[in-house]
Structure formats: C-alpha cells, structure tokens
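Breakdown of the fold
One-letter residues, chain by chain:
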Amino acid sequence: MTETAASTTDSGGDAERARPSLDRRRFVGYVLGGSTLITAASMLSPTAAAALDLEVPSLPQIPELIDLEDLQTLAAAPTAGLIAVRIDEQGEAHFALPRAEVGQGIVTSTTMILAEELDLPMDKIHVTLAPARPELLFNQLTGGSNTTVSTFEAVRVAGALARMRLLSAAAQVLDVTVDELRTLVGTVVDAAGNILTFGELSSLASSEVVERVEVVLSPPETFRVIGTGRRRTDAREAVTGTKQFAMDLDVPNALPTMVCRPPTHMGKPVRLRNKAEILRMRGVTHVAIIETGVAVRCKTFGQCIDAIRKMDVEWDLGDLKDESDDSILERLRRAEIPMVVPEVPVGARQIDLEFEFMFRSSAALEPYAAIADVRENSAEIWAGLKAPILAQTNIARELGMLPNRVTVNVVTSGGSFGHKLFGDHAIEAARASQAMGVPVRLMWHRADEPRQGRLHPMCTSRVRATMLRDEVLTFEQRHTSVVTDFSHGFGEAITSALDELPTELGRRLGGLVFSELIFTLTQELPYNLGLVTQLLSETDQRFSTGSMRNIYSPDVCVAAELTLDEIARQIGQDPLELRLRLIRDARVRRTVEAVAKRGDWGKRMPAGTAQGIALHKEYKGNTAVLVEIDCRPATVKRKIRDAVTGPRVTKAVIGVDAGLVVNPMGLEAQMQGGFMDGMALTLTSSCHLRDGAFLEASWDNYYYTRQWNVPPEMEVVIMDPGVDIPGGAGEAAVGSSAAAVACAYARATGRVPTRFPINHGEITFKPKTFIPPVPPSPTNGLKFTY
C-alpha cells in the first residue's frame, strides 16, 4: 500500500506541497483506503508532546510537572491513528469509541466533538463501543478521568479531516475552489446555492491509498456544539427501559447463570455434596464447580437463587477466616512509615492527626454481569469492560486458547466506579460456559457484591504539620493501605510512557512500584505549606481490591483538609481565609472564591450546624466544595422507614474547573454524582469485616447515599479558565466533597472525626446469612414501595 502526503491551510484550500510546521491547531491526519470516506488522526499531537518538554522537578510534588493524565495520554498516543471516523453513503458518521461507557456520558460528548468538526447534526452521528482491539495497546483503557483528555484532539482531527475531504470532493464536482464552499449540517453549499450531501460525496472523497494530510482544527471561539449543554444521546432509551445492558442482549441459548459463593471473603469451593439433588430441581440445566464457587444454570434467575439456597457445599474458608476490622488495622499500623520531623523545633508547634478509613464496596447499580459462549476452539464474550484487551488476554489464558480466538464485545455498563476495570465477571462467565459446554448469561446477586466483589482498601492516613507562629514549615502525610490491585492494566499503561519522559524524571518515577507511582502522580496539595511530603505504603495482599472512584484521593484529601481546618483553629484564622492565604494556584483560588461567594461562607449558623469548605486539585483541573450540615439530635435521630439517617447535609455548592468543557450538562451530572460518593464515604458507606466475612450484603445494608440524605439545596458552579483543552472530570468531585462534609461535621460537633465513615462503629442491621449466601427471591416487593 502506498502513502501520499498532503497539507492544508487555515482556509481549507487545496493541498500544498510544502509542509508547514505544526502549531496548536494544525495536526496530521490520515485518509485511509476504502470505498467510502474513512479518516484517522496521527498523534503525538502538540498538546501531548508538550508534556515531554519538562525540567527536573525542584519540588517534591511531581503532579505539578507531570501527572496521571499526562502519562495516560502518552500511553494512548502511539495508536491514535488506528481510531477512524467513517462517512457512509447516507451521509452519516460512524465512530467506534475505544472506551467504556459506564454512565459518565462519553458517548454523548464524543458525538458532540464530532458534530463540531464535521458540521453534522448529532442524530446523524453514531458512536458505538469498540470491541477489544489488541492492536490499540494502551489506547483502550477507561479510567483516571482520562477519556476526553486523551481522545479530544484525535477525534477532532479525524472529524476535521473528513470535513476537509468532503469540501475538496465538492469543489471537484462543482468546479469551484474550496474557498467558495461551506458546510451546512451535513451538506456542502456553494455561493450559487448548489447543495451536495455528505452521502453523495463520501465515495468521491475516499482514497484507495493511505494519504498523510495536515488539517487545521476549528478555533474554540467558533464552537457551536462544544461547550453547550446537551442531553445524553441515550436519555430516551434510559428512561423508557429500552437501553440495552449485558443482560438484555439476545444471545441464543444463553440461559441465566449464578454462582454459589463462599461465606468468607476470598474463600474457595472444595466440593458440592448434593449435586444430584440440585440437578433434579426445577429449571436447573447444568451445575459446575469453578474457581470462585459453584455455578448453576437454569431457565430463570429465580430458579438459580432457589438452587443456590439448597446447595450443600464444602468450603475452604481461606486465610482471612479469623480476621476483623481491628486485626487488619493493627497490620496497617505496623506498616506505617515514620514521620521525618520527629520533634518540635524551638519556638514552633506541631499538629499530629491520625485517621482510619474502613473497607468500602465499589459495586455499581448494575451488578457484575456477562454473557459467554465458549466453544471448543473459540469464545465470544459480552460484558461491560473498561480494559477489554486485558480481559481478552486473561480469558484466553483461562480457556487455554490464543487471544485471537476470543472475541470480547464491550457493552454499555450501568456504572463502574472502578469496579469494571477488572474482568472478573467476564472471566467467571467464560469459566462457567467452558465447564458446562453451553452459553451462559451470568449475573452476580447483589448480596455477592459487598462480600466477594472489589473493595476500596482499608487504610490509615497520618498528618503532621509543623508551624512557626502563623506559618506552616512542614506538612507530612503518611498514607498506609491494604494493597490496591492494579493488575487491570493501568500500571502497565503508565509505565509504558515513562520512556518518553526526560531522563531524571523518568528514572525517579520508574523506580516506584505501580501503587506508589499512581499515588505520586495523583496527590498534590495546592498550598504553600513549606516542605511537603506525601508517601504511600501498602501491605496485605489477601483482599480483592480495586481502584474505586478517585483511587487514593478521597481519603488523602479528607485527612489533609481536616488538618488545614485544625491549623486554622489553632492560629485563630477563618478556614476559608487560611486556604486563600496559602493557595498558590490562581485557577484554584478563583474556584474557591466563587464557591465561597455563591455559598455565602461565614453566615451565622444555629448551634449544632456548620459550614465546611474543602478543595482538591487533580486531573488538570480543580474542585472546591462548600456544604452546610445539620448535626442536631432531632436531625441525626430522624426516623425514615428502613433507613439509616444521621447528620444531614442540607446544602452543597460544588465549584469545578475542568478546563475546556465539552458538555456542561454532563459535567454538572458528574459533579452531583461525585458529591453523592464523597458524602457517603464520610458519613455512611462501609463494609464491616468480622471473622473473615463482610457483614454487608446488597444495598439495603450497604449505606450509600439515599434520596433522604441528598442535600435539598445543591448547585454546581462551572468555571471558565480560558483554556482550549479539557481536563478530567469523572472523579474530580469525590475527594473535595468527602473532605468538605468531614470539615463541616467537625465544626458542627466540635470534634474532629478520626474514623470514616463516621457511623462505622454502629451496626444498625441484622446481617444476611452467609450459608446460604443469598436471600430468597422476593415475592412481596410492592410492600416496600413508597
């Protein structure tokens, strides 16, 4: 296949032979061979390449120079040219997005980006989810709030190049210059009023060879779609129940399948004592022991539940069988890293605070679910997966096949929060299908998720601040955690980009293990606090853990911001005034000031209520959150049927600077969801470990934020920092929200909380049985409606 080069000017005119230097809006793209128009981008783009122009850091906080977003984008860049936009003969655009839609709205935002550069109505653009494509390497991994950051320019380049080629084709048909043409919602129009549709031009604009072309992107001041609030493209399907998730797919003979799981976390099955009895039960077609439990396939999920409840299984309880919250906390304390400043210098004073954060479940509203059809020499999987290439590799290894014999189809997920970075559900479905020799439609029971699913690790966070008069000389934070599992491919993607960094910086980051590397690239205190050190140590690999939304940041941020409030209290300064005095980033300052003004910081509050404010800087942006909380006894003890209540956050103002915003409505929804996560982490949601088992099972006793705990007043303030590239937003509000609620609680009660969530010490429910591991199917659901 031959390759020809071409270039374009700002006017979109004919190709020139001379190749101009690339500036911020001039990119290289490719016209791919085909019968209709197909275009792709070439990266590194100038923005991604700019991340390489770094000096050796003089300060210990590396995210100010290069952060997790930069390395993710660098890792994805080499294969950006393999992601193509196709214009069909009906004039509609097709794009297979190599990321996972898990409710964050990236299908909508990607459609908007293409609509901007193509000048095509959004309903003529079809964005689907790409199946596992091993050739994309690290460019098919969804996480770290990186989707829009890493795909923004590549998608724009492919769209702009398609539009340029369509204009050039129209110029040939109409015998005019490109300068005399314009696009208008999927058509090309000349000065005489002649109109050609994109569909009519698609074949003519195509190429039989790969051509290298330079293209100029639309400047931000001309945007008509990007930056405007748009409802989600799947909104109607979501509210009418027609949106399809894994369990909705019509795969022939894929019958409902569930797994009887062990009573202890990470236990294993030994044998099923009554297999013959189970096989005789109504609806049961197959039973098989797999690594994680005993799988049963039936005609209905209700029959699966009935069969599981009848199973008599011998279990290996594993080496966690005698562990509890207290014993794991003791292990963590033994692994804590010492502080550097051991004694108070003459004339100075120290603040020492220690915080504990319990295990939390990262389960989403949609339980783990996958369909698998494993044949003798091939397999096909359907599942919500954020790392489908790794899932394909792992499934192939489990099945004893080559990866190219396994097809992995990525399906829209009903939430993730880090949960679906792992392919646990897809691997389990593949195991069951292979063991049974038939297709399976596997779904976890909701009771399985908190007990056997991925957990946010238990951790401690210790802070020591040394002050001289009103100035902070040192700020030390030591974060100690149960091991966070990064085997989902995230660590490999990041380390693959280290070779692109300047030698000294690459050496410093390359010497860290995955968890330390992620911690170092994400943790940044945007304050002048003298000598700042934030260090991570991890211990105990026996738990099933994962990268829950915002990974380390919520716990680190809560500890740091509570310490800031304590510094303010000891020096007699208002918490907001202290932060404004210490903030060293102008964009962060503007966000905090906007939130404080909109939330009326400092107003008089009744006893037992208070305001709290906190901020977090990460993902090329920042968030600030102001809350009001009511901790008065009448509120804390309010009665709601079958509910956990406690302190009530009555108002929340969330300020977000996420760089250039593609869809403000989507960003507002992300901030609201992030706030609900953060509030739950501080007030209500955790898993209690007792004798190797987690007590929580399903949402009725895993106390995530409920409607009765949602603030009646909530506002999102979107900042305009005047930049032309987006930042990450998917996780941005979690840390600052958790910290603001914690700070407000401390001010309202006069006590700095040290264990989170604050209600963890009280178990207000009767745990469900561990044998059998699932409750009976409900037959009286209408009794529980409101």
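Residues take numbers from 1 onward in each chain, read along the sequence in its written order. Owing to the predicted nature of the model, reporting of local features is limited to residues with pLDDT of at least 70; listing and counting of side-chain atom pairs is limited to 80 or more, with chain, interface and lining totals taken over all residues. Side-chain numbers come from the whole structure's heavy atoms, not from hydrogens or water.

1. What to know about the packing of helix 20 (residues 664-683) against helix 21 (residues 732-749)
Every axis corresponds to a line fitted to the C-alpha atoms, with the helix fit spanning only the stretch in contact, and the corresponding angles, defined between N-to-C directions, vary from 0 to 180 degrees. Helix and strand assignments follow DSSP, with helices taken as H or I runs no shorter than four residues and strands as E runs no shorter than two, numbered in order from the N terminus. Remark: helix 20 packs on helix 21, axes separated minimally by 7 Å, with the N-to-C direction vectors making an angle of 45 degrees. By the angle between their directions, the pair helix 20 and helix 21 is classed as oblique. Where helix 20 crosses over helix 21, the handedness of that crossing is right-handed. Contacts between helix 20 and helix 21 pair Met671, Gly674, Phe675, Asp677, Gly678, Met679, Leu681, Thr682 and Leu683 from the former with Ala732, Ala733, Val734, Ser737, Ala738, Val741 and Ala742 from the latter. For this classification, the nonpolar set comprises Ala, Val, Leu, Ile, Met, Phe, Trp, Tyr, Cys and Pro, the charged set comprises Asp, Glu, Lys and Arg, and every other residue, Gly included, is treated as polar. Grouping the constituent residues of the contact of helix 20 with helix 21 by class yields 11 nonpolar, 4 polar and 1 charged. Small angles under 35 degrees read as roughly parallel and large ones over 145 as roughly antiparallel, with 65 to 115 read as roughly perpendicular and the rest as oblique. Handedness of each helix crossing follows the sense of rotation of the near helix against the far helix: counterclockwise by less than a right angle gives left-handed, clockwise gives right-handed. Two residues qualify as a contact provided that any one of their heavy atoms is within 4.5 Å of a heavy atom in the partner residue.

2. Things to note about the side chain of Glu476
Relative to the helices and strands, Glu476 resides in strand 24 (residues 471-482). Residues adjacent in sequence count toward polar contacts only when both atoms are side-chain atoms; beyond that, a polar contact is any pair of N or O atoms within 3.5 Å, and within protein one must be able to donate a hydrogen and the other to accept it. Within the local environment of Glu476, its side chain forms a polar contact with the backbone nitrogen of Val341, the two atoms lying 3.2 Å apart. Discounting chain neighbours no more than four positions away, the residues touching Glu476 are Met339, Val340, Val341, Arg462, Val463, Arg464 and Thr533.

3. Overview of the packing of aromatic side chains
In this scheme Phe, Tyr and Trp rings, the latter by its six-membered ring, pair at centre separations within 6.5 Å, and the angle between planes marks the pair as stacked below 30 degrees, edge-to-face above 60, and tilted otherwise. Per the counting criterion, the structure on display carries 11 aromatic pairs. Residues Phe359 and Phe543 carry aromatic rings whose centres are separated by 4.7 Å and whose planes lie at 35 degrees to one another, so their mutual orientation is tilted. Within this pair, whereas Phe359 is found in the loop between strand 16 (349-357) and strand 17 (360-361), its partner Phe543 is found in the loop between strand 25 (531-539) and helix 16 (553-571), the two being separated by 184 residues in sequence. Comparing Phe359 with Phe543, the two get one shared label, buried. Ring geometry for Tyr368 and Trp444: centres 4.9 Å apart, planes at 70 degrees, overall edge-to-face. Residue exposure (1.4 Å probe, protein chains only): buried if accessible area is under 20% of the type maximum, exposed if over 50%, otherwise partly exposed.

4. Comments concerning the sheet that holds strand 21 (residues 440-443)
A pair of strands counts as paired when DSSP detects no fewer than two bridges linking them. Taken in spatial order, the 7 strands of this open sheet run 13-14-11-21-18-19-20, and their pairing is mixed. Each end of this open sheet is capped by a strand with a single partner; those strands are strand 13 (284-290) and strand 20 (406-410). Direction aside, neighbouring strands of the sheet carry axes that sit 20 degrees apart on average. As defined by bridge partners, strand 11 (residues 255-260) adjoins strand 21 across 3 bridges and the pair is classed as parallel.

5. Things to note about the pairing of strand 28 (residues 648-657)
For strand 28, a buried count of 9 out of 10 residues is recorded, marking the element as mostly surrounded by other parts of the structure. Relative to strand 28, strand 27 (residues 621-630) runs antiparallel, the two sharing 9 bridges. Looking at strand 28, one finds that Glu628 is bridged to Lys651. Sheet topology note: the strand 28/strand 31 (residues 713-718) ladder contains 6 bridges and is parallel. Looking at strand 31, one finds that Val656 is bridged to Ile718.

6. As for the sheet that holds strand 31
Read across the open sheet, the 4 strands follow the order 26-27-28-31; overall the sheet is mixed. On the outer flanks of this sheet lie strand 26 (609-618) and strand 31, each paired with one strand and no other. Adjacent strand axes in the sheet meet at a mean angle of 10 degrees when their direction is disregarded. Judged from the 10 bridges that link them, strand 26 and strand 27 form a sheet pairing that is antiparallel. For His616, the partnering residue across the bridge sits in strand 27 and is Thr623. Contacting strand 26, strand 27 and strand 28, helix 21 crosses the sheet at an angle of about 150 degrees to strand 26.

7. Description of helix 21
Given the number of residues in a helix, its expected span is that number minus one, multiplied by 1.5 Å. Helix length check: helix 21 (18 residues) gives 27 Å between terminal C-alpha atoms against 26 Å at 1.5 Å per residue, within 8%. For helix 21, a buried count of 16 out of 18 residues is recorded, marking the element as mostly surrounded by other parts of the structure. Positive backbone phi, at 80 degrees, marks Gly750, one or two positions downstream of helix 21.

8. Re unusual backbone geometry
Between Phe756 and Pro757 the backbone carries a cis peptide bond, its omega angle lying at 0 degrees. When you line up the elements, Pro757 lands in the segment after strand 32 (755-756). The omega angle of the peptide bond from Ile771 to Pro772 is -5 degrees, so this bond is cis rather than trans. Among the structural elements, Pro772 can be located in the segment after strand 32. Positive phi is not limited to glycine here, since Asp600 has a value of about 55 degrees. For Asp600, the location among the structural elements is in the loop between helix 18 (586-598) and strand 26.

9. A short note on the environment of Glu715
On the secondary structure map, Glu715 appears in strand 31. Those residues in contact with Glu715 that lie beyond four places of it in its chain are Arg598, Ala652, Val653 and Ile654. Only 2.4 Å separates the side chain of Glu715 from the side chain of Arg598, close enough to count as a polar contact.

10. As for the confidence of the model for the protein
Residue-level confidence of the predictor is what pLDDT reports, using numbers from 0 through 100. Mean pLDDT over the protein: 88, with 89% of residues reaching 70 or higher. Low pLDDT, under 50, characterises residues 1-22; the stretch is placed with 47 contacts to residues that sit more than four places away or in other chains. Under a pLDDT of 50 for its full length, residues 44-58 has, in the predicted model, 29 contacts with residues more than four places off or in other chains.

11. Overview of the nonpolar core
Among buried residues, those of type Ala, Val, Leu, Ile, Met, Phe, Trp, Tyr and Cys that are joined through side-chain atoms within 4.5 Å constitute a nonpolar core. Within the largest apolar cluster, 73 residues are counted, with the highest numbers of intra-cluster contacts made by Phe475, Val627, Met671 and Phe675. Broken down by element, the residue count for this core peaks at 12 residues, all from helix 21. Among residues more than four places away in sequence, those in contact with Met671 are Thr623, Ile654, Val656, Val716, Ala729, Ala732 and Ala733. Residues Val107, Phe152, Leu167 and Ile389 belong to the second largest nonpolar core, which totals 45 residues.

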